Number of protein chains: 2
Amino acid sequence: MIFCDIGNTNAHLLKDGHLYIKSINEFLNLSFDEKVYYICVNDNLKSFLDENKNFFDLKPYMYFDTKYKGMGIDRICACKAVDDGVVVDAGSAITVDIMENGIHAGGYILPGLTAYEAAYALISSRLKLDINKDVKLDVMPKNTRDAISYAAIKSIKLIIENSAENKKIYFCGGDGKYLAGFFKNAIYDQMLIFKVLKETFDALKSSQKGKIC
Amino acid sequence: MIFCDIGNTNAHLLKDGHLYIKSINEFLNLSFDEKVYYICVNDNLKSFLDENKNFFDLKPYMYFDTKYKGMGIDRICACKAVDDGVVVDAGSAITVDIMENGIHAGGYILPGLTAYEAAYALISSRLKLDINKDVKLDVMPKNTRDAISYAAIKSIKLIIENSAENKKIYFCGGDGKYLAGFFKNAIYDQMLIFKVLKETFDALKSSQKGKIC
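Residues numbered from 1 in each chain as written. Chains lettered and ligands numbered in written order. Predicted model: local features only at pLDDT ≥ 70, side-chain atom pairs only at ≥ 80, totals over all residues.

Peer 1: Got a minute to help me understand the sheet that holds strand E1 (residues 2-6) of chain A in this structure?
Peer 2: Strand-to-strand pairing in sheets goes through backbone hydrogen bonds, with the strands running parallel or antiparallel. Residues and elements named next belong to chain A. The strand order across the open sheet built from five strands is E3-E2-E1-E4-E5, with neighbouring strands paired in mixed fashion. Two strands lie at the open edges of the sheet, namely strand E3 (18-23) and strand E5 (55-57), each paired on one side alone. The mean angle between the axes of side-by-side strands here comes to 25 degrees, regardless of whether they run parallel or antiparallel. Here six bridges tie strand E2 (residues 10-15) to E3, and the two strands are oriented antiparallel to one another. Of the residues in E3, the one forming a bridge with Lys 15 is His 18. (Pairing = 2+ DSSP bridges. Helix = DSSP H or I, 4+ residues; strand = E, 2+ residues; numbered from the N terminus. Axes fitted to C-alpha atoms, helices over the stretch in contact; angles between N-to-C directions.)

Peer 1: Sorry, what's going on with the sheet that holds strand E1 (residues 2-6) of chain B here?
Peer 2: All names here are of chain B. Here we have five strands laid out as an open sheet, ordered E3-E2-E1-E4-E5, and mixed in their pairing. The two strands at the open ends of the sheet, each matched to only one other strand, are strand E3 (18-23) and strand E5 (55-57). The sheet shows a mean angle of 25 degrees between the axes of neighbouring strands, direction not considered. Direction of pairing for strand E4 (residues 36-40) relative to E5: parallel, over a ladder of three bridges. Within E5, the residue paired with Tyr 38 across the bridge is Asp 57. Against the sheet, helix H7 (residues 192-207) contacts E1, strand E2 (10-15) and E4, and its axis sits at roughly 125 degrees relative to E1. (Contact = placed C-beta atoms within 7 Å.)

Peer 1: Sorry, what's going on with the packing of helix H5 (residues 144-164) of chain A against helix H5 (residues 144-164) of chain B here?
Peer 2: Helix-helix packing is characterised by the crossing angle of the two axes and by the distance between the axes. Contact pair H5 of chain A / H5 of chain B: the axes reach a minimum separation of 8 Å and the direction vectors enclose 100 degrees. With respect to their mutual orientation, H5 of chain A and H5 of chain B come out roughly perpendicular. On H5 of chain B, the residues that touch Ala 151, Lys 154, Ser 155, Ile 156, Leu 158, Ile 159 and Asn 162 of chain A of H5 of chain A are Ala 151, Lys 154, Ser 155, Ile 156, Leu 158, Ile 159 and Asn 162 of chain B. Looking at the contact of H5 of chain A with H5 of chain B, its residues break down into eight nonpolar, four polar and two charged. (Parallel < 35°, antiparallel > 145°, perpendicular 65-115°, else oblique. Nonpolar A, V, L, I, M, F, W, Y, C, P; charged D, E, K, R; others polar.)

Peer 1: Sorry, what's going on with the packing of helix H4 (residues 113-123) of chain A against helix H4 (residues 113-123) of chain B here?
Peer 2: With their axes 9 Å apart at the nearest point, H4 of chain A and H4 of chain B run at an angle of 125 degrees to one another. Judged by the angle between their axes, H4 of chain A and H4 of chain B are oblique. Crossing hand, H4 of chain A versus H4 of chain B: right-handed. In this structure, H4 of chain A uses Ala 115, Tyr 116, Ala 118, Ala 119, Leu 122 and Ile 123 of chain A to contact H4 of chain B, whose residues at the interface are Ala 115, Tyr 116, Ala 118, Ala 119, Leu 122 and Ile 123 of chain B. A per-class count over the contact of H4 of chain A with H4 of chain B returns twelve nonpolar, no polar and no charged. (Left-handed = near helix turned anticlockwise from the far one by under 90°.)

Peer 1: I'm lost on the interface of chain B and chain A in this one. Help?
Peer 2: Accessible area lost when the parts come together is the quantity often used to give the size of an interface. Contacts between chain B and chain A engage 40 residues on the former and 40 residues on the latter. Secondary-structure elements contributing two or more residues to the side of chain B that touches chain A are strand E7 (93-100), strand E8 (103-111), H4 and H5 of chain B. Broken down by element, the residue count for the side of chain B that touches chain A peaks at eleven residues, all from H5 of chain B. Per-class residue counts for the side of chain B that touches chain A are 25 nonpolar, eleven polar and four charged.

Peer 1: I'm lost on the relation of the copies chain B and chain A in this one. Help?
Peer 2: Relating one copy of the chain to the other takes a rotation about an axis and a shift parallel to that axis. Least-squares fitting of chain B to chain A yields an RMSD of 0.0 Å, with the superposition described by an axial translation of 0.0 Å and a rotation of 180 degrees. Both copies of the chain, as the preceding transformation shows, are related through a two-fold rotation axis. Both copies share a contact surface, since 100% of the interface residues of chain B are interface residues in chain A too. (Least-squares fit on C-alpha atoms with pLDDT ≥ 70 in both.)

Peer 1: So what exactly am I meant to see when it comes to the pairing of strand E8 (residues 103-111) of chain A here?
Peer 2: Along a regular strand, successive side chains alternate from one face of the sheet to the other. Within E8 of chain A, seven of the nine residues are buried, leaving the element largely enclosed by the surrounding structure. Between the antiparallel neighbours strand E7 (residues 93-100) of chain A and E8 of chain A lie two residues, among them Asn 101 of chain A with a positive phi of about 50 degrees. (Buried ≥ 20, exposed ≤ 12 C-beta atoms within 10 Å, placed from the backbone.)

Peer 1: Would you explain helix H3 (residues 73-80) of chain A in this entry?
Peer 2: With eight of eight residues buried, H3 of chain A is to be regarded as a mostly interior element. For H3 of chain A, the full list of buried residues reads Ile 73, Asp 74, Arg 75, Ile 76, Cys 77, Ala 78, Cys 79 and Lys 80 of chain A.

Peer 1: Quick question: what am I supposed to make of the environment of Ala 164 of chain B here?
Peer 2: All names here are of chain B. You can see Ala 164 is positioned in helix H5. Overall, Ala 164 belongs to the partly exposed group, with 18 C-beta atoms counted inside 10 Å. With 66 residues separating them along the chain, Ala 164 and Ile 98 place their C-alpha atoms 8.2 Å apart. In this view, Ala 164 contacts Val 86, Ile 169 and Asn 185; residues no more than four positions away in its chain are not counted.

Peer 1: What should I look at first to understand the confidence of the model for chain A in this one?
Peer 2: Fine structural detail should not be taken from predicted coordinates in areas where pLDDT scores are low. Mean pLDDT over chain A: 94, with 97% of residues reaching 70 or higher. Interface scoring of the predicted complex returns ipTM 0.92; its pTM is 0.92. (pLDDT = per-residue confidence, 0-100.)

This is how it looks when you write it as structure tokens:
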């Protein structure tokens, strides 16, 4: 069996304790002989998933207490893994959510680092540059590449810091490990979402609801 | 005579004390019978400006002391208008620069609000939304539009606040007035760049350098 978290850019697959990251195109060309328990935020894959008998959507079996309207199922999963703290899923977008005593207090969505690069490139060809992840955040930049890198990374850091105060910050997603490096009170856990997928599967299996096995 | 600041999205024209904002397309369709003293960061307009005898580039007559490599001439002009403080030009991009005793200490470049919207739209059609400029920055968002609006605006606010400490903040550009509203120590001055264009013109005229008149 495989657990799978399907995003807009990549699909993350967990099989036998190993995590595999595939682009959506790579993912669509894989063949699956075993059952895949998934969540998906990518609307383009609906028919592919619906038509494949091996795919089982765990979303209908997730309960989450929030007043937030329109929260993606990946974000819900990451939040369900944390009782108290800030939950940061840093992928194509960077979602930041506040959990207090198991209750979701709201959250916000920053562009991911690649989306910042795309935004700069759209403004001017002079800003079509890769973000320098080694840029110093305590020195004012003196060139264009550092100027965009400092702005993107430091503004992300400051808003997360502002939300966190003294709370623990749980990072997951492709840039989660990198961003976690900026915070003392950070925990990077690439299994955050998968823990909840597995818990949901286990609960469903034991309750015998749905054709899970 | 006209003073003109040509950007990537719009051209700002000052004539007889009145400011006119034209999209680049509108600007290219104007006819000019009088002399236009300009600065331009838009590489696409080079041949148009070079071929038009009425256009006079003020850039070669601007001196600016900085270690920063590749600073746009509009940014240089805005900085030259300020001796001490933070200079924010909020247009297609939001440039933020630090001036200390007339010397440029460096700066950085955030995406402009429209560029944030474009970045979100590229990530997912679910994020293709207008930024809500009235979003509350002291309450955690509870829906997608507020989530992207809060993230973009608050991250911009926090990084400018972090750079400013107790310095005055001078805003110009299309979103300058809006962003200035978030700061106590803010001054919005849409003439910031034009003051420097006029000073440069006056100095050039009095020194009789170049065929200025």
